[in-house]
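Here's the letter readout for the chains.
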Amino acid sequence: MDSASTANPSHRSWIVIAAKAIVVLQSLGIVFMLTSAWVTAVVAVGFIVVFVAIRALSRASRKVDQIFDEELGRK
């Protein structure tokens, strides 16, 4: 079983991407309304860090799956 393709489909619908963007922007709006602009900026940077980390881990998972496929010869 390919762990990367199981957890992360190869293509995403624009609706899913738009929905996630709306959720993130609304979350930042709530943080901004309850706190200050500086706290909102820190939370936005936190979102970006988490997003980049997830992409890097997904890419690494795909690479490990590829290496295992090449070295072990499984199909």
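Note that the structure is predicted; figures quoted are calculated from it, not measured. Within each chain, residue numbers correspond to sequence positions counted from 1 in written order. The predicted nature of this model means local features are confined to residues of pLDDT at least 70 and side-chain atom pairs, given and counted, to a pLDDT of 80 or more, with totals for whole chains, interfaces and linings taken over all residues. In computing side-chain values, all of the structure's heavy atoms are included and hydrogens and water are not.

A closer look at the overall build of the chain
Consideration 1: Across its full length, the chain holds three helices and zero strands.
Consideration 2: Only DSSP runs of H or I reaching four residues or more are called helices, and only runs of E reaching two or more are called strands; each is numbered from the N terminus. Ordered by position from N to C terminus, the α and β elements of the chain give α-α-α.
Consideration 3: Residue burial in the chain is summarised as follows: out of 75 residues, 7% are buried.
Consideration 4: Counting every atom, the chain has about 6,400 Å² of accessible surface; 73% of that belongs to carbon and sulfur. For the exposure calls, accessible area comes from a 1.4 Å probe over protein chains only, and a residue counts as buried if that area is under 20% of its type's maximum, exposed if over 50%, partly exposed in between. Surface accessibility follows the Shrake-Rupley procedure with a 1.4 Å probe radius. Residue values consider only the protein chains on display as shielding.

Structural notes on the UniProt feature "transmembrane region" (unreviewed entry) in the chain
Consideration 1: UniProt positions are given in the numbering used here, feature names are shortened, and annotations may be inferred rather than shown by experiment. The feature "transmembrane region" (unreviewed entry), as annotated in UniProt, sits at residues 12-32 and 38-57 in this numbering.
Consideration 2: A distance of 29 Å separates the end C-alpha atoms of residues 38-57, which is 100% helix and 0% strand.

Re a nonpolar patch on the surface
Consideration 1: Taken together, the side chains of Ile30, Phe32, Met33 and Leu34 make up a nonpolar region of the molecular surface, amounting to roughly 500 Å² of accessible area.
Consideration 2: Secondary-structure assignment places Phe32 in helix α2 (residues 14-34). Patches were defined on residues exceeding 30% relative accessible area and lacking a salt bridge, with like-charge contacts within 9 Å and nonpolar side-chain contacts (Val, Leu, Ile, Met, Phe, Trp, Tyr) within 5 Å. We define a salt bridge as a side-chain nitrogen of Lys or Arg found within 4 Å of a carboxyl oxygen belonging to Asp or Glu.

Observations concerning the side chain of Thr40
Consideration 1: Note that Thr40 resides in helix α3 (residues 37-72).
Consideration 2: Any two residues whose heavy atoms approach within 4.5 Å at even a single point are treated as in contact. In contact with Thr40, other than residues within four places in its own chain, are Leu28, Val31, Phe32 and Thr35.

Remarks on the confidence of the model for the chain
Consideration 1: Averaged over all residues, the pLDDT of the chain equals 84, while 81% of them reach at least 70.
Consideration 2: Residue-level confidence of the predictor is what pLDDT reports, using numbers from 0 through 100. The least confident element of the chain is helix α1 (residues 3-7), whose mean pLDDT is 53; the most confident is α3, at 92.

A short note on the packing of α2 against α3
Consideration 1: Running from amino to carboxyl end, α2 crosses α3 at an angle of 150°, the nearest separation of the two axes being 8 Å. It follows from the interaxial angle that α2 and α3 lie roughly antiparallel. Considering only the axes of α2 and α3, their crossing is right-handed. Listed contacts from α3 to Val24, Ser27, Leu28, Val31 and Phe32 of α2 are Ala37, Val39, Thr40, Val43, Ala44 and Phe47. Every angle, taken between N-to-C directions, lies between 0 and 180 degrees, and every axis is a line fitted to C-alpha atoms, over only the stretch in contact when it is a helix. Our angle categories are set so that under 35 degrees counts as roughly parallel, over 145 as roughly antiparallel, 65 to 115 as roughly perpendicular, and the remainder as oblique. A crossing counts as left-handed when the near helix is turned anticlockwise from the far one by less than a right angle, and as right-handed when that turn is clockwise.

A look at the environment of Thr40
Consideration 1: For Thr40, a relative accessible area of 12% translates into the label buried.
Consideration 2: As for Thr40 and Ile30, which are separated by 10 residues in sequence, their C-alpha atoms are 9.0 Å apart.

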